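Here is what each chain is made of, one letter per residue.
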Amino acid sequence: MAAANRRLLVFSAALVVSLAVAASLPATDSDGSSTDATDAIGQLLGIPIPLPNRTGPMITDLSACGRANLPPNALPPSPAPPVDFKLPDPSEPLRVRRRMHAVSAEFLANYTRAMALMKALPRDDPRSFYQQANIHCAYCTGAYKQLGHPELDIQVHNTWFFQPLHRAYLYFFERILGKLIGDPSFALPFWNWDAPEGMPMPAMFADPDSPLFDPLRNPDHLPPKYLDMHFDGVDANLTADEQVELNLRLMYRQLITNAPLPSLFHGQPYRPGDRPDPGAGSLEVYPHNHVHYWCGDLRRPNFEDMGVYYSAGRDPILYPHHSNVDRMWEVWRALDPGRHVDFDDPDWLDASFLFYDEDARLVRVRVRDVLDVSRLRYAYEHVHLQWVNAKPPVTPGLSRAGAPPLRAVRFPVALADGGAVTAEVRRPRAARSRLAKAVEEEVLVVEGIEFDGTEVVKFDVYINAPEYHKVGRGGRELAGSYMSLKHVGHRRHGKEGINTSFRLALNELIEDLGADGDETVTVTLVPRLGKVRIGGLRIEYLIE
């Protein structure tokens, strides 16, 4: 029997690998037309799989670059025609990005000198710190318009462009710093907030005499205070050990449980003609957004600098923060090379963005240009990933069967302070086979998330925990939390407003909760910050 079980597992694994390979290849019908191979997989498993609606890549339209609702001069200067990006020479020194809290005195001296030189450049120099910050401002506040759709903004947040856009941004920022100090091997450090020893803000950023300092930060969160990845505007007053435990559990949830597929990690597709904000990936929501909010000065109207996109580039800590965000992309790929792969959709690969290089030339970069960091001639220092073993525990004695009867919920519903909403959501395919679960991911979709963009919004999502207050710090029943920063200058046909979605992977969570055979799940939405309207809840099954 044991040998038979082993043969079955080997066969199942081989079939899964074959399906994964097939999904990555184009298929050709007998008449010569091309068909997405995932359609064939869907037929094999009896699962309908919608094919992508490809419309062409997103391209930045400089001719329609309007001024967002921001302070004066908050957009880059009028550019010359861009040149196409070329990969660096393979003989260039490899730039190794290292942990910010552990860098040498020599590196810190070079880094601070490079930042001082960048800040000293004239404001009309596109390599200046001022204009580099404005590049981030422009792409993150809807300043550019979609080519062919001048009524629609380009907003890289809450889309599948979040990671590649910021990777390209850091690539040029790093090379500008290196050229200013004459060091072709210079590499940006990373804020290692996913490791216990790296969770406090690196001490050099708190030195008021350093070019790394920004006065517009939360004064209560300077070192040695530990980063709170679940920060909701009020410090939780946890001990250092308790905060580390919570952060590690959140990292496991966001990089492992909630990121089994490309769209769940990167974010939702965003094509020409689409309205902005289709949906963020797991890493953008947590810990990216929470680090921004935790650093920002809550005494300021918009929580500047880090607490709002338009001004985040003005804080030097943005760059080590995003260096670690970029590192997480490489970590995610390595965790499960068979499933953790990038999109092969031409609309993603051929989308392009504009940046200034170290010679002040305007360069058009495509997503496909930045997928291989070795070809970009940089790498990350190896760091032990403590959070991969920090799976959140299931709350003992918590059962939805013992909870009070649920009231019927009619969507849309408004979430506001003190008003949790609990609803039963039907699972169209309960008790799936091991093969089906290996190939497809069950996903909870929170859709029609609407808010005006003028305040920070956050709500938690619990599964099978109507009595959510009994769940401990980062407990397993906490499936995820949605968070959005303020969107100053983020406009929709003349008025502020966001309409987006939020997705949470359920395969691992449902199994851990012992609910695999249940026909429904209980979903509890708990408001934490701001006012938000929820259009509905549903479960879908994804193959990517």
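Here the structure is a predicted model, which is why all the values come from computation and not from measurement. (Residues numbered from 1 in each chain as written. Predicted model: local features only at pLDDT ≥ 70, side-chain atom pairs only at ≥ 80, totals over all residues. Heavy atoms only, no water.)

Undergrad: Would you mind going over the overall build of the chain in detail, with residue names and values included?
TA: Along its length, the chain carries 13 helices and 21 strands. In the chain, buried positions account for 57% of the 544 residues. When contacts within the chain are restricted to residue pairs at least 6 apart in sequence, long-range pairs at least 24 apart make up 78% of them. Surface exposure of the chain reaches about 21,900 Å², of which carbon and sulfur atoms provide 53%. (Helix = DSSP H or I, 4+ residues; strand = E, 2+ residues; numbered from the N terminus. Buried < 20%, exposed > 50% of the residue type's maximum accessible area, 1.4 Å probe, protein only. Contact = heavy atoms within 4.5 Å. Areas by Shrake-Rupley, 256 points an atom, 1.4 Å probe, with all protein chains shown as cover.)

Undergrad: Residue-level account of the sheet that holds strand E19 (residues 520–529), with values.
TA: Across the sheet, which stays open at both edges, the four strands sit in the order E12-E19-E14-E15 with antiparallel pairing between neighbours. Edge strands, defined here as strands with exactly one partner in the open sheet, are strand E12 (421–426) and strand E15 (478–484). The sheet shows a mean angle of 25° between the axes of neighbouring strands, direction not considered. Pairing of E12 with E19, which is carried by six bridges, proceeds in the antiparallel orientation. (Pairing = 2+ DSSP bridges. Axes fitted to C-alpha atoms, helices over the stretch in contact; angles between N-to-C directions.)

Undergrad: Would you mind going over the pairing of strand E18 (residues 498–505) in detail, with residue names and values included?
TA: Within E18, seven of the eight residues are buried, which leaves it mostly tucked inside the rest of the structure. When strand E13 (residues 441–451) meets E18, the two strands line up antiparallel, connected through seven bridges. Counted as the bridge partner of Glu450 is Asn499 from E18.

Undergrad: Pulling in residues and values, what's your account of the pattern of salt bridges?
TA: Under the counting rule described, the total for this entry stands at 41 salt bridges. Across the pair Arg473 and Glu245 runs a salt bridge whose closest N-O atoms are separated by 3.2 Å. A residue pair is termed long-range when its members are at least 10 positions apart, and Arg473 in the loop between strand E14 (457–463) and E15 and Glu245 in helix H6 (residues 240–257) qualify at 228 residues. By relative accessible area, which is 33% here, Glu245 ends up partly exposed. With a shortest N-O distance of 2.7 Å, Asp460 and Arg528 are connected by a salt bridge. Of this pair, Asp460 sits in strand E14 while Arg528 sits in strand E19, and the two are 68 residues apart along the sequence. What you see here is one network of salt bridges that share partners, running through Arg427, Arg429, Arg432, Lys437, Glu440, Glu442, Glu511 and Asp516. (Salt bridge = Lys/Arg side-chain N within 4 Å of Asp/Glu carboxyl O.)

Undergrad: Describe the nonpolar core, naming the residues involved and giving the relevant values.
TA: Judged by nonpolar contacts, the single largest core of 131 residues is most densely connected at Tyr111, Phe161, Phe459 and Ile463. Sorting elements by how many residues they give to this core places helix H5 (residues 162–180) first, with ten residues. (Core = buried A, V, L, I, M, F, W, Y, C linked by side-chain atoms within 4.5 Å.)

Undergrad: Let's hear about the sheet that holds strand E9 (residues 362–366): which residues, and what values?
TA: With mixed pairing, three strands are arranged side by side in an open sheet as E4-E9-E8. Looking along the sheet, the strands with just one partner apiece sit at the ends: strand E4 (83–84) and strand E8 (352–356). When E8 meets E9, the two strands line up antiparallel, connected through five bridges. In the strand pairing of E9, Tyr356 is matched with Leu362. Taken strand by strand, H5 contacts E8 and E9, and its axis lies near 20° from that of E8.

Undergrad: Just give me the short version of the side chain of Arg432, but keep the residues and values in it.
TA: With respect to the helices and strands, Arg432 occurs in the loop between E12 and helix H12 (434–439). Within the structure, Arg432 has its side chain in polar contact with the side chain of Asn507 (distance 2.6 Å). If we ignore the near neighbours within four places in the chain, the residues touching Arg432 are Lys437, Glu440, Glu442, Asn507, Asp516 and Tyr541. (Polar contact = N/O pair within 3.5 Å; in protein donor to acceptor, adjacent residues only side chain to side chain.)

Undergrad: Outline the confidence of the model for the chain, listing residues and values.
TA: Per-chain confidence: the chain averages 86 in pLDDT, with 84% of residues scoring 70 or above. Confidence drops under pLDDT 50 across residues 1–51; counting only partners more than four residues distant or on other chains, this segment forms 44 contacts. Scored below 50 in pLDDT, residues 64–71 shows 25 contacts in the model against residues more than four places distant or in partner chains. (pLDDT = per-residue confidence, 0-100.)

Undergrad: Tell me about the packing of aromatic side chains, and please be specific about residues and values.
TA: Throughout the structure, instances matching the rule amount to 30 aromatic pairs. In this structure, Arg97 packs its charged tip against the face of Tyr378, placed 3.8 Å from the ring centre. For the cation-ring pair, Lys486 lies above Phe303, with the distance from its terminal atom to the ring centre recorded as 4.8 Å. (Phe/Tyr/Trp six-rings, centres within 6.5 Å; stacked < 30°, edge-to-face > 60°. Lys NZ or Arg CZ within 6 Å of the ring centre and 35° of its normal.)

Undergrad: So what's going on with the environment of Leu177? Which residues, and what values?
TA: Locating Leu177 in the fold gives a position in helix H5. Along the backbone, Leu177 and Ala187 are ten residues apart, and their C-alpha atoms lie at a distance of 8.6 Å.

Undergrad: Please give an account of the packing of helix H3 (residues 105–120) against H5 that cites residues and values.
TA: At a closest axis distance of 9 Å, the pairing of H3 and H5 adopts a crossing angle of 100°. As judged from the angle between their axes, H3 and H5 are roughly perpendicular. Contacts from Tyr111, Ala114, Met115, Leu117 and Met118 of H3 reach H5 at Phe173, Ile176, Leu177 and Leu180. Considering only residue class, the contact of H3 with H5 consists of nine nonpolar, no polar and no charged. (Parallel < 35°, antiparallel > 145°, perpendicular 65-115°, else oblique. Nonpolar A, V, L, I, M, F, W, Y, C, P; charged D, E, K, R; others polar.)

Undergrad: An account of unusual backbone geometry is requested, with residue identities and associated values reported.
TA: In this chain, Tyr286 is followed by Pro287 through a cis amide linkage whose omega measures -5°. In this fold, Pro287 is placed in helix H8 (residues 282–295). A cis geometry characterises the amide bond from Glu304 onward to Asp305, with omega recorded as -5°. On the secondary structure map, Asp305 appears in the loop between H8 and helix H9 (309–312). Here the phi dihedral of Phe303 falls at roughly 65°; this positive angle occurs in a residue that is not glycine. A relative accessible area of 15% places Phe303 in the buried class. You will see that Arg377, though not glycine, has its phi angle at about 65°, which is positive. Looking at the element boundaries, Arg377 is found in the loop between E9 and strand E10 (378–380).

Undergrad: Describe the state of the cysteines, naming the residues involved and giving the relevant values.
TA: On inspection of all chains with the given rule, the structure shows zero disulfides. Cys137 takes part in no disulfide bond, and the closest cysteine sulfur, belonging to Cys140, lies 8.2 Å away. Taking relative accessible area as the criterion, Cys137 reaches 1% and is therefore assigned buried. (Disulfide = S-S within 2.5 Å.)

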